[in-house]
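Per-entry structural report
What follows is each chain in one-letter form.
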Amino acid sequence: MKIKSIIIGLLVLCCHNIMAQDLKMGFHVGGNLSGYTGGKQYTIYDKSGKVGYEVGADIQYLLKNKFSLASGINLLQTGGKFSVMSGYAGSTGGSQTEFPAVNTKSLSLEIPLKLCYDILLSDNFVLTPAVGLYGRYALVSLKDKVSITGDKGNHDWDCYKDFNKDMHHIDAMKKFEYGVVLGVGAKFANHYVLSLNYHRGLNSVSSQYDLKKSDVSCSIGYIW
């Protein structure tokens, strides 16, 4: 029993030392500008972004030769706005706008996985470019609105459910999204991190309109 206790104690001590040396943890808060990219030609136009926010917990595992793997979990608000042309000809024989404004906003959970490289500029300043992938799942829709040509006012809409109003229809958007992330972080005073990241969705979140998501985020964090 004594030998087992000693072995277990040594294993715990070794794991503690490895974790202390190679694993860093932290948190961050920040804002983002998000919107949609792509879209069916001659159907989608006037795309614009929306300002959102994010908070998250960070994990960084140190590898060899100044490389590291970074992950964590983020809670973020993103959205976007676009206009939609009708698929039918108007009274003059030309196309006309069916939805002047489709606004979406949602709250999502995101898990990134990034490969990072530290560039030591001074004892208290490290620049860290990063590249990787992310997966994102929408939890809830927030105050989505749709306007229809010839119809006064805006209509409430949950973008993860079908929208139907008379003869007008919008398919529900997909909740799951994945894509690539490019970023750069600046660590100063050994613990504080200022980060800038660009996310570009690879899968279409709207099969009806072939729209993908993208966003630029800026955050400040603390890591220990």
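So, here's what we can say about the structure. (Residues numbered from 1 in each chain as written. Predicted model: local features only at pLDDT ≥ 70, side-chain atom pairs only at ≥ 80, totals over all residues. Heavy atoms only, no water.)

Examined against the element boundaries, D215 turns out to sit in strand β14 (residues 211–223). A residue is classified by how much of its surface remains accessible, and D215, at 3% relative accessible area, is buried. At 3.1 Å, the side chain of D215 forms a polar contact with the side chain of R136. With residues up to four places along the chain from it excluded, the contact list for D215 reads L33, S34, R136, N197, Y198 and H199. (Helix = DSSP H or I, 4+ residues; strand = E, 2+ residues; numbered from the N terminus. Buried < 20%, exposed > 50% of the residue type's maximum accessible area, 1.4 Å probe, protein only. Polar contact = N/O pair within 3.5 Å; in protein donor to acceptor, adjacent residues only side chain to side chain. Contact = heavy atoms within 4.5 Å.)

Here the structure, examined in full by the defined rule, presents eleven aromatic pairs. Judged by centre distance (6.3 Å) and plane angle (75°), the rings of F99 and F163 are edge-to-face. Within this pair, whereas F99 is found in strand β5 (residues 95–117), its partner F163 is found in strand β10 (residues 163–165), the two being separated by 64 residues in sequence. Look at F176 and Y178: their rings are 6.1 Å apart centre to centre, the planes differ by 40°, and that puts the pair in the tilted class. We classify F176 as partly exposed; its relative accessible area is 45%. Chaining the aromatic ring pairs together yields one cluster made of F27, F188, Y192, Y222 and W224. (Phe/Tyr/Trp six-rings, centres within 6.5 Å; stacked < 30°, edge-to-face > 60°.)

Taken by themselves, the reported measurements are silent on function.
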